[in-house]
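Structural description and commentary
Listed below are the residues making up each chain.
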Amino acid sequence: MARDLAIDLGTANTLVYMKGRGIVLNEPSVIALNRQTGEVLATGREAWQMIGRTPGYIVAVRPLRGGAITDFEITERMIRLLLQRVGVSRFTRPKVVICVPSAITEVERRAVTDAARRAGAADANLIEQPMAAAIGADLPIDEPVGNMVIDIGGGTSETAVISLGGIVALEAVRVGSFDIDAAIQNYVRREHGIAIGERTAEEIKVAIGSADPTHDENQAEVRGRDLMTGLPKTVLLTPEEVRFAIEDVISSIVSSVIRCLSKAPPELSQDFLVRGMYLVGGGGLLRGLAERIERETEVPVKMSNVPLEAVVLGAGHVIEHYEALKGMFMGARR
Amino acid sequence: MSVVVIIVVIVVVAVVLGLGLRSRTANDGVDSFRRQIDALSPEARKPTIDQVKSAERLDDDDRADGDDSAP
Ligand SMILES: Nc1ncnc2c1ncn2[C@@H]1O[C@H](COP(=O)(O)OP(=O)(O)O)[C@@H](O)[C@H]1O
Ligand SMILES: [Mg+2]
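Residues numbered from 1 in each chain as written. Chains lettered and ligands numbered in written order. Predicted model: local features only at pLDDT ≥ 70, side-chain atom pairs only at ≥ 80, totals over all residues. Heavy atoms only, no water.

Notes on the site of ligand 1
This is how it is decided: To be near a molecule or strand, a residue needs just one of its heavy atoms within 4 Å of it. Whenever two N or O atoms come within 3.5 Å, that pair is a polar contact, provided that in protein one can donate a hydrogen and the other can accept it, and provided that, for residues adjacent in sequence, both atoms are side-chain atoms. Each accessible area value is a Shrake-Rupley result obtained with a 1.4 Å probe; residue values ignore everything except the protein chains displayed when judging cover. The numbering of helices and of strands both runs from the N terminus, where a helix is a DSSP run of H or I of at least 4 residues and a strand a run of E of at least 2. Three classes are used, and their members are as follows: Ala, Val, Leu, Ile, Met, Phe, Trp, Tyr, Cys and Pro are nonpolar, Asp, Glu, Lys and Arg are charged, and the others, Gly among them, are polar. What marks off one domain from the next here is an automatic or database domain assignment.
The environment of ligand 1 is made up of 20 residues, and the closest members are Thr11, Ala12, Asn13, Glu202 and Lys205 of chain A. Surrounding ligand 1 is a set of residues that belongs to chains A and B. Glu202 of chain A places a polar side-chain atom, nitrogen or oxygen, 2.6 Å from an oxygen atom of ligand 1. The backbone of Gly283 of chain A places a nitrogen or oxygen atom 3.2 Å from an oxygen atom of ligand 1. Burial of ligand 1 by the protein chains amounts to 94% of its free accessible area of 580 Å². Among the elements of the structure, helix 5 (177-192) and helix 6 (198-208) of chain A are those that each provide at least two residues to the shell around ligand 1. The leading source of residues in the shell around ligand 1 is helix 6 of chain A, at 3 residues. Each residue belonging to the shell around ligand 1 can be placed in one class, and the counts come to 7 nonpolar, 10 polar and 3 charged. Looking at which domains feed residues into the shell around ligand 1, each of domain 1 (5-131 + 310-328) and domain 2 (142-304) of chain A gives three or more.

Digging into the state of the cysteines
Residues and elements named next belong to chain A. Spelled out, the test is: A pair of sulfur atoms, both from cysteines and within 2.5 Å, is called a disulfide here. Only protein chains enter the accessibility calculation, which uses a 1.4 Å probe; a residue whose area is less than 20% of its type maximum is buried, one above 50% is exposed, and one in between is partly exposed.
Tallied over the entire structure, the rule returns 0 disulfides over all chains. Cysteine Cys260 shares no disulfide, and the gap to the nearest cysteine sulfur, in Cys99, comes to 18 Å. On the basis of relative accessibility, which here comes to 0%, the residue Cys260 falls in the buried class.

Some thoughts on unusual backbone geometry
Residue and element names in this part refer to chain A. Look at Leu164: it is not a glycine, yet its phi comes out positive at around 45 degrees. Here Leu164 shows up in the loop between strand 10 (157-163) and strand 11 (166-173). The phi angle at Glu298 is positive, at roughly 60 degrees, despite the residue not being glycine. Locating Glu298 in the fold gives a position in the loop between helix 9 (289-297) and strand 16 (301-303).

A look at the sheet that holds strand 12 (residues 194-195) of chain A
Stated formally: Two strands pair under a simple rule: DSSP has to find at least two bridges between them.
Ordered in space as 12-13-14 (chain A), the 3 strands form an open sheet in which the pairing is antiparallel. Where the open sheet ends on each side, the last strands, each with one partner, are strand 12 and strand 14 (232-237) of chain A.

Observations concerning the pattern of salt bridges
All names here are of chain A. Going by this rule: We count a salt bridge whenever a side-chain nitrogen from Lys or Arg sits within 4 Å of a carboxyl oxygen from Asp or Glu.
Under the counting rule described, the total for this entry stands at 24 salt bridges over all chains. Notably, a salt bridge pairs Arg85 with Glu27, separated by 2.8 Å at the nearest N-O pair. Of this pair, Arg85 sits in helix 2 (residues 72-85) while Glu27 is found in strand 3 (residues 22-28), placing the two residues 58 residues apart along the sequence. For Arg85, a relative accessible area of 44% gives the class partly exposed. Residue Lys326 is joined to Glu323 by a salt bridge in which the shortest nitrogen-to-oxygen separation is 2.7 Å.

A look at the domain arrangement of chain A
Residues and elements named next belong to chain A. To be explicit about the condition: Once two parts are joined, some of their accessible surface, as seen by a 1.4 Å probe, is lost; buried area is that loss totalled over both.
Segmenting chain A into domains produces domain 1 (5-131 + 310-328) and domain 2 (142-304). Placing the centre of domain 1 and that of domain 2 at their C-alpha centroids yields a distance of 24 Å. With both chains or domains summed, domain 1 and domain 2 bury close to 1,700 Å², and 56% of this area falls on carbon and sulfur atoms. For the salt bridge of Glu198 with Arg62, the shortest nitrogen-to-oxygen distance reads 3.7 Å.

Topic: the sheet that holds strand 2 (residues 13-18) of chain A
By definition, the strands of a sheet pair up through backbone hydrogen bonds, in either a parallel or an antiparallel sense. Residue and element names in this part refer to chain A. Operational definition: Every angle, taken between N-to-C directions, lies between 0 and 180 degrees, and every axis is a line fitted to C-alpha atoms, over only the stretch in contact when it is a helix. Residues are treated as being in contact if the distance between any of their heavy atoms lies within 4.5 Å.
Overall, mixed pairing links the 5 strands, which are arranged 3-2-1-7-8 in an open sheet. Looking at strand neighbours, the two that pair on one side only are strand 3 and strand 8 (123-128), the edges of this open sheet. Neighbour-to-neighbour, the strand axes of the sheet open up by a mean angle of 20 degrees, direction not taken into account. Bridge count for strand 2 against strand 3 is 6 bridges, and the pairing is antiparallel. Within strand 3, the residue paired with Tyr17 across the bridge is Ile23. Contacts between helix 2 and the sheet are confined to strand 1 (5-9), strand 2 and strand 3, with strand 1 contributing the most and set at about 140 degrees to the helix. Against the sheet, helix 4 (residues 129-136) touches strand 1, strand 7 (95-100) and strand 8, its axis set at about 80 degrees to strand 8.

Considering the interface of chain A and chain B
Tallying the contact residues gives 36 residues for chain A and 26 residues for chain B. Across the chain A/chain B interface, buried area totals approximately 2,600 Å², and carbon plus sulfur atoms make up 54% of it. For the pair chain A and chain B, the interface holds 0 salt bridges. Counting across the chain A and chain B interface gives 4 residue pairs in polar contact (both at pLDDT 80 or more). Among the secondary structure elements, those contributing two or more residues to the side of chain A that touches chain B are strand 2, strand 3, helix 1 (44-48), helix 4, helix 10 (310-320) and helix 11 (322-325) of chain A. Across the side of chain A that touches chain B, the residue classes break down as 17 nonpolar, 11 polar and 8 charged.

Here's what the structure looks like:
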């Protein structure tokens with residue numbers, strides 16, 4: 001028997017929820033290919049480990065990196081491999097619900113649903129990420145009150161106001177936690193003259209990165225390649241330096257939250273003062289970010305207790321109640 | 001004469017059918033909206049959201065080897 005599936009196709013991580021079972025897969029959205037033959041060599045965690053460490057003929061990429069589908073063919077193969085791995089074949093034809101960044105175009109949407117159908121899905125539908133996040137983060141979206149959810153992922157940040165099961169206001173930008181990694185990489189190159197890879201930059205972000213000063217601040221040793229001598233070198237990086245390096249990215253994320261707040265009807269915006277806004281997504285785990293958003297908007301910010309799983313749980317809930325909730329698919333509403 | 005009667009009957013039937021259909025679609029809207037809102041209630045969502053607890057135990061061990069998303 002086919003078990004229906006919900007997929008969170010994130011820019012950084014892909015999660016799959018199986019009806020009646022819960023989350024069955026959680027791994028980086030990375031695919032490694034042979035540059036010459038185009039063959040897929042690895043996906044998921046295995047491919048992630050190759051980023052920045054491959055010989056010339058292998059390339060490890062994140063096909064959804066910027067919140068847009070840059071390469072349709074690779075994305076399609078990733079979806080097909082993903083469905084195969086969770087047991088979908090031409091004989092099991094499950095229904096599939098997929099969460100995609102809200103900013104993707106009509107053409108990109110078609111590409112995703114067509115890929116899922118070709119991989120064996122009997123029916124494939126999309127729902128907006130912040131909507132799924134609100135369902136999964138357990139916000140009371142069945143009531144006529146303003147619920148606000150901020151989802152900061154790798155390549156995108158999406159803020160939405162949801163009431164009575166529908167999106168009232170939405171603001172999506174193609175800026176996210178990957179841009180923080182890139183800003184750290186650029187800073188270290190410019191100010192310390194050493195080159196570091198994207199995974200090292202991410203480790204620095206998680207270890208000492210912050211959006212606002214915090215209590216326990218530590219320095220970090222950073223190892224990279226000296227740009228002048230070409231030799232391996234270690235430098236010390238302070239939390240103040242990292243804050244300075246990532247400031248532009250943080251302020252554009254905060255501005256997009258403010259733009260969403262200003263789009264909300266006044267009746268709902270007074271609800272936020274009491275209920276607060278909910279932060280989900282891996283990018284939301286950055287130290288001091290909740291405090292920073294709270295300080296600039298004067299609206300309380302709460303962390304979801306399932307920041308990385310909220311989206312796939314929300315989509316999973318839609319799969320569990322497919323008939324009742326099919327009106328929530330992208331394109332189903334007028 | 002009989003032609004007029006037939007036309008009148010057809011018109012009446014069409015009007016009745018039209019009204020019936022319209023009220024049925026109106027009720028459909030109410031029903032499906034109700035179903036959607038009910039399916040989004042906290043009670044309906046609880047079983048789905050509780051699944052994450054069992055899933056967390058599952059991927060605890062493979063997070064240890066350097067997942068980029070582990071807090
Ligand atoms: N503790 C943390 N502090 C800062 N950033 C984090 C932390 N944990 C994860 N991240 C970042 O969150 C991003 C992944 O978040 P996720 O919600 O899975 O993205 P997406 O939904 O786009 O796939 C990555 O860029 C990762 O570096
Ligand atoms: Mg996400």
